[in-house]
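# A look at the structure
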Amino acid sequence: MIYVITFSCEEGVNFRRTFEADSDATFLDLHKAILASVNYPDDQMTSFFMCNDHWEKEQEVTLVPMDSSFEYDNMVMESTRLSDLLEEQGQRLIYIFDPMFERYFFGSLRSIRPGSMQGVKCTDSQGKAPKQLQTEDPMDGLTGKDGKADWESDEDFYGDSQYDEGDIDMEGFQDLSFEDGSMF
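Okay, so let's go over this structure. (Residues numbered from 1 in each chain as written. Predicted model: local features only at pLDDT ≥ 70, side-chain atom pairs only at ≥ 80, totals over all residues. Heavy atoms only, no water.)

### Points about the nonpolar core
F7, F27, F48 and F105 are the most contacted members of the largest nonpolar core, which has 31 residues in total. Put simply, the parts of the chain that give this core at least two residues each are β1 (2-8), β2 (16-22), α1 (27-38), β3 (47-51), α2 (82-85), β6 (92-98) and β7 (103-113). A total of seven residues in this core trace back to one element, the largest contributor, which is α1. Non-local contacts of F7, meaning those with residues more than four positions away in its chain, are made with F15, R16, R17, F19, L30, I34, F48, L93, Y95, F105, F106 and G107. If you look at the next biggest cluster of nonpolar residues, it comprises five residues, including F49, C51, I94 and I96. (Core = buried A, V, L, I, M, F, W, Y, C linked by side-chain atoms within 4.5 Å. Buried < 20%, exposed > 50% of the residue type's maximum accessible area, 1.4 Å probe, protein only. Helix = DSSP H or I, 4+ residues; strand = E, 2+ residues; numbered from the N terminus. Contact = heavy atoms within 4.5 Å.)

Right, dumping it as structure tokens:
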């Protein structure tokens, strides 16, 4: 059987890649075809996830053997054929190309037709792929005008940094003691 699989991405402008694959090809073959179609190096711990109709991750297919969850088996791209997991038209999967920031391509098995071919080939390439790795610092945007993080700022995060201990109502706190361990 020949599978027609289409991948798209919200980050790329009009980005779409369509692949034809023999059902006996492996997920590693598909992985390599995807990387070649977007000119990404093969130096990341990418993986595929089979998804339900709501794009919720289910079975994972990893590049190298990893610990598996209790719910799903550990499946590796090199030894997992497409036909092992792709069974019906419309089936969804994602391909994680940036594992650090969990960025991915959305995939769909568009059609299954009789025939055979060698491996996987890209048959349609539209739009420019996003950069493979996000280089933004996840802490960007968390600093104030003085360059310090909000919690390091001279201004108190919750309001006035000047307070009077006399403003604290100590009623009910006088019986607390940490020395006898009664709190824990």
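Picking up where we left off.
### Thoughts on the sheet that holds β6
Reading across the sheet, the eight strands line up as β5-β4-β3-β6-β7-β1-β2-β8 and stay open at both edges, with mixed pairing between neighbours. The open sheet is flanked by β5 (75-76) and β8 (120-126), the only strands paired with a single partner. Pairing geometry for strand β4 (residues 57-62) and β5, over two bridges, is parallel. Across the sheet, V61 pairs through a bridge with M75, a residue of β5. (Pairing = 2+ DSSP bridges.)

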